[in-house]
Amino acid sequence: MLVVDDNEVIRQLIAVNLQLEGFEVHQAVDGRECLERAEEVRPHVITLDVMMPRLDGWVTATRLRENAGTREAKVVLITARAQGEDLRRGEELGVDAYLTKPFDPNELIGTVRELAGVA
């Protein structure tokens, strides 16, 4: 499990909620670090913020899908941007789920558990 968000408070909130559910959680602060960490830890699920410095979530999701080593990871976009255009763009990129900030921690956990194949 890899949690990617440039906001430390949100990143920690997501990480703690997932750790309490028994997930091993790794973290990254932006898209560049996400790509590096994903190569190292090969997560099954990645939660990915859209609005980040250095490399945004859209470009990061595209690169994850282009890389043979990370293309099978399930990607959950978590963002304040919830417009139809954004949802379509995520779908085109092959994003597996889309959650809007502020998100319900139970919805996040349910989504991640489902994508990870943990009932």
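Not measured: the values here are computed from a predicted model.

Draft legend 1. Region of interest: the overall build of the protein. For the protein, the helix and strand inventory stands at five helices and five strands. Ordered by position from the N terminus, the helices and strands of the protein form the series β-α-β-α-β-α-β-α-β-α. Within the span of the protein, comprising 119 residues, buried residues form 44% of the whole. The contacts in the protein between residues at least 6 apart in sequence include a share of 56% that link residues at least 24 apart. Only carbon and sulfur atoms are counted for the fraction: they give 47% of the accessible area of the protein, which is about 6,300 Å². On the protein, the mean spot of the 14 positive side-chain charges and the mean spot of the 22 negative ones are 4 Å from each other.

Draft legend 2. Molecular detail of the UniProt feature "modified residue: 4-aspartylphosphate" (unreviewed entry) in the protein. Sites flagged by UniProt as "modified residue: 4-aspartylphosphate" (unreviewed entry) map to Asp49. On the secondary structure map, aspartate 49 appears in strand β3 (residues 45-49). Look past the residues within four positions of aspartate 49 in its chain and what remains in contact with it is Val4, Asp5, Asp6, Gly57, Ile78, Thr79 and Lys101.

Draft legend 3. Examining the pairing of strand β4 (residues 74-79) more closely. In terms of burial, β4 is largely enclosed, as five of its six residues are buried. Inspection of the sheet shows β3 paired to β4 by five bridges, in the parallel sense. Bridge pairing in β4 links isoleucine 46 to valine 75. Between β3 and its parallel partner β4, the chain crosses via helix α3 (residues 57-66), and the hand of that crossover is right-handed. The sheet contact formed by β4 and strand β5 (residues 97-100) spans four bridges and is parallel. Within the sheet, the bridge partner assigned to isoleucine 78 lies in β5 and is leucine 99.

Draft legend 4. Main features of helix α2 (residues 31-41). Along α2, the residues classified as buried are Gly31, Cys34 and Ala38. Summarising the axial view, the buried residues of α2 lie within an arc of 45 degrees, below the 170-degree limit, and thus occupy one face. Measuring from the backbone nitrogen of arginine 32 back to the side-chain oxygen at the start of α2 gives 3.1 Å, which picks out aspartate 30 as the cap. Phi for arginine 42, located one or two positions after α2, is positive at around 50 degrees.

Draft legend 5. Spatial organisation of the pairing of β3. Along β3, five of the five residues are buried, which leaves the element largely enclosed by surrounding structure. Pairing geometry for strand β1 (residues 2-4) and β3, over three bridges, is parallel. Its bridge partner being in β3, leucine 2 is matched across the sheet by isoleucine 46.

Draft legend 6. View of the pattern of salt bridges. Using the criterion set out here, one finds seven salt bridges in the structure. Notably, a salt bridge pairs glutamate 39 with arginine 42, separated by 3.3 Å at the nearest N-O pair. In this structure arginine 42 comes out as partly exposed when scored by relative accessible area, which is 44%. A network of salt bridges, in which partner residues are shared, links Asp5, Asp49 and Lys101.

Rules used throughout
Residues numbered from 1 in each chain as written. Predicted model: local features only at pLDDT ≥ 70, side-chain atom pairs only at ≥ 80, totals over all residues. Heavy atoms only, no water. Helix = DSSP H or I, 4+ residues; strand = E, 2+ residues; numbered from the N terminus. Buried < 20%, exposed > 50% of the residue type's maximum accessible area, 1.4 Å probe, protein only. Contact = heavy atoms within 4.5 Å. Areas by Shrake-Rupley, 256 points an atom, 1.4 Å probe, with all protein chains shown as cover. Lys, Arg positive; Asp, Glu negative; His and termini not counted. Charge placed at Lys NZ, Arg CZ, Asp CG, Glu CD. UniProt positions renumbered as here; feature names shortened; annotations may be inferred. Pairing = 2+ DSSP bridges. Right-handed = clockwise from strand over helix to strand, strands pointing away. Arc of directions from axis to C-beta. Polar contact = N/O pair within 3.5 Å; in protein donor to acceptor, adjacent residues only side chain to side chain. Salt bridge = Lys/Arg side-chain N within 4 Å of Asp/Glu carboxyl O.

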